[in-house]
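These are the residues of each chain, in order.
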Amino acid sequence: QAQATAGMRLWLLHETQSVKLPSSVTRWPLAPGPELLLAMDAPSKDVGDEKVGDGNCWIPALPRGTGMGVRIPAGSWDSHWVLGWVLGYLLGTSWTWGPEGHGAVLLVNCDRDDTGAEGLDNEDSAVRSYNDLQDMAQLVLRTRGPRAIFAGHRLLLHVDFGDADKIGVFYGGSERPGSGELEKFKHVLGGSKLVYSVRPSRHCHESVFYVEGLAFPDVAFSGLVSLHVTLLESPEKGLLESPIFTDSVVFRVAPWIMTPNTAAPLEVFVCSVNGNEEFVAAVGALAERVQCPLTVCPVPQNRQDRWIQDEVEFGYIQAPHKTFPVVFDSPRDGGLKDFAVKSILGPDFGYVARQAPEGASTLDSFGNLEVSPPVTVQGKEYPLGRILIGSSFPRVGGRRMAKAVRDFLVAQKVQAPVELFSDWLYVGHVDEFLSFVPAPDRKGFRLLLASPSACYQLLKEKQEEGFGEAAMFQGTVPKQTINEILANEELRKFNDYAQSCINWNRDILKRSLGLAEPDILDIPQLFQGDSTSGAQAFFPDMVNMLVLGRHLGIPKPFGPVVGGRCCLEQRVRELLEPLGLSCTFIDDFFSYHVLLGEVHCGTNVRRKPFAFKWWHMVP
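The numbers attached to residues start from 1 for each chain and follow its sequence in the written order. Residues qualify for local features only when their pLDDT is at least 70, as the model is predicted, and side-chain atom pairs are given and counted only at 80 or more; totals for whole chains, interfaces and linings, by contrast, use all residues. Side-chain figures throughout are based on the complete set of non-hydrogen atoms in the structure, without hydrogens or water.

In the annotation of an unreviewed UniProt entry, the chain is listed under the name protein-arginine deiminase and assigned to Catharus ustulatus. UniProt positions are given in the numbering used here, feature names are shortened, and annotations may be inferred rather than shown by experiment. Its UniProt record, at the heading Subcellular location (unreviewed entry), says of the chain: "Cytoplasm". Looking at the chain in UniProt, the text filed under Sequence similarities (unreviewed entry) is "Belongs to the protein arginine deiminase family."

### A word on the nonpolar core
Nine residue types can take part in a nonpolar core, namely buried Ala, Val, Leu, Ile, Met, Phe, Trp, Tyr and Cys, and a core is a set of them joined through side-chain atoms within 4.5 Å. Burial here depends on accessible area, computed with a 1.4 Å probe over protein chains only, as a share of the maximum for the residue type. Under 20% is buried, over 50% is exposed, and the range in between is partly exposed. One finds Phe-209, Leu-227, Phe-251 and Leu-409 to be the most contacted residues of the largest nonpolar core, which totals 80 residues. Elements are defined by DSSP. Helices are runs of H or I of four residues or more, strands are runs of E of two residues or more, and each kind is numbered from the N terminus. Considering every element that reaches this core, the biggest residue donor is strand β16 (residues 242–253), with 6 residues. Working rule for contacts: check all heavy atoms of both residues, and any pair within 4.5 Å makes them a contact. Not counting chain neighbours up to four residues away, the residues in contact with Phe-209 comprise Ala-137, Gln-138, Leu-139, Leu-141, Leu-157, Val-169, Phe-170, Tyr-171, Val-188, Tyr-196 and Val-198.

### With respect to the UniProt feature "active site" (unreviewed entry) in the chain
Residues given the UniProt feature "active site" (unreviewed entry) here are Asp-310, His-429, Asp-431 and Cys-601. A stretch of 292 residues holds the annotated residues, and the largest C-alpha distance among them is 10.4 Å, short enough that they meet in one place. With respect to the helices and strands, the residue Asp-431 is situated in the loop between β27 (418–421) and β28 (434–438). Excluding its chain neighbours within four sequence positions, the residues that come into contact with Asp-431 are Gln-309, Gly-367, Glu-370, Val-543, Asn-544, His-600 and Cys-601. Looking at the element boundaries, Cys-601 is found in the loop between β39 (582–586) and β40 (603–607). Setting aside residues no more than four positions away along its own chain, Cys-601 makes contact with Arg-306, Trp-307, Ile-308, Gln-309, Asp-310, Asp-431 and Asn-544.

### Description of the pattern of salt bridges
Should a side-chain nitrogen of Lys or Arg be within 4 Å of a carboxyl oxygen of Asp or Glu, the pair is scored as a salt bridge. This structure, assessed with the given rule, holds 23 salt bridges. Notably, a salt bridge pairs Glu-419 with Arg-400, separated by 2.6 Å at the nearest N-O pair. Note that Glu-419 is positioned in strand β27 and Arg-400 in the loop between β26 (387–391) and α6 (403–411), a separation of 19 residues in sequence. Take Arg-400: its relative accessible area is 38%, and that puts it in the partly exposed class. As a salt-bridge pair, Lys-556 and Glu-569 come within 2.9 Å of each other at their nearest N and O atoms. With a gap of 13 residues between them, Lys-556 in the loop between β36 (551–555) and β37 (561–562) and Glu-569 in helix α10 (residues 567–576) connect regions that are remote in the sequence. Judged by relative accessible area, Lys-556 falls into the partly exposed class, the value being 26%. For Glu-569, a relative accessible area of 11% corresponds to the buried category. Each of the salt bridges in this network shares a partner with another, and the network as a whole consists of Arg-506, Lys-510, Glu-517 and Asp-522.

What follows is the structure, given as structure tokens:
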């Protein structure tokens, strides 16, 4: 028989069904193997003032507290307590994705809020500013009940050994950001610290902690970390403490997220090097047209390295309480290798990097790292798009992006990467043959692909119209007429090969991004080279463009002039202007093209984060 005092609520679990005990019944016959569920109207003020028992043996009752689901074996509890986790997001002992999911989100504290400090904020065990606290998840451990419980019990906050290098916890007592002294915020968990003994104050029922991420998801880290709270009973002298119960809260470390060309620009970057003054001015004029700030990296910082697209990729991290940009530094490490740390890392601007111990190839440059706009593929939604990286398949023994970088990108989960075939190119970057531009219809964008076939078709049309002697490269290098180009069998044969490589990628992109032919525009382009050394752009590569909203900065192709206009420029305008896009052709011939790069390679853009919250998706 079960009995309870007045403040208790009892449920009997009988044959898998729960039956509430009528309030008029104080005694209830129990069949073999029942489960009794207990709840209380309010926590006790004194030890043992609410009880449940059989009339002879009584034990103090444990209420179901907010966030603490606890099962108590009969006879193992000698007082009761209410514990609750409070965080800025839904909590639980598991983490689930989707709009109906739950779980706490943790930011990697990878910025540098104190400008006088060195390294990232999470590389030390100190809180140096209140801004640093704002990057952390605030966690409040509430304890309500009789203070006398701690005469014989201890409350521990602890982290698993395997998670200790992924999470850092600071204790602020009852302090909130902006109150108290920074010295009060002590590092209590993370690194070598696995356990912290919580000592609730006599006058305060809340212990305030601040939690920071130390590492991004990666090949050996799922992104999930747990904090646990355990109540220990202190036995007689000479015996070990015994745990009464443990509860946990699970965090997911926020992934690093890339932004596509179609996202609104927030800041344009370009390098100033010897001889590119006109290029910098042209990029600056385009940025001014869209009222976007321009940051020019000077020679002392870039050491004559103009390829800022290849050195870094801009993205962001996001939690419900905060979002900030994070720059991903490539293993390339050219003259710009210190730029991200010295000039970008700062307050609310984070930094992450991966190295290539096997040795970096040109495929490790981030012109070989792009991301699509949001897509749906056979019913599967990718609301943050899919990352695109160039690789060596389908041939054996070619170059691939460093394993550490690929593993990192896959581990973020939210932008499932797609590997394309880029090793057919001399440099080997996906931005040499593809780009995305915004569009007002269909999926909201168009995929642009470089197309030798479209170029030959255009040149053939102009030849048939009687413009065979119109010449390319006016004012640059020795001119070649349309007739000469079309008569060059070696060039045509190589471009047939280039087109076959692009077609291979076209099929992958259609399949992986859920695209149909109307979603793709073929941009006229020719390549030169051989299948051993790889392909290079025959004239400035127009898909390698700078996209700033509806304004496009396109490499000036110096094509044959027909009727006073470059026929290549005219064809591109005919393809893009109906989409509401404005085409500005930028002369990069001697400053970038002859050095095997173009406008996109020489610029970079920080863009507006997605409105979509990453935790609402299902990877």
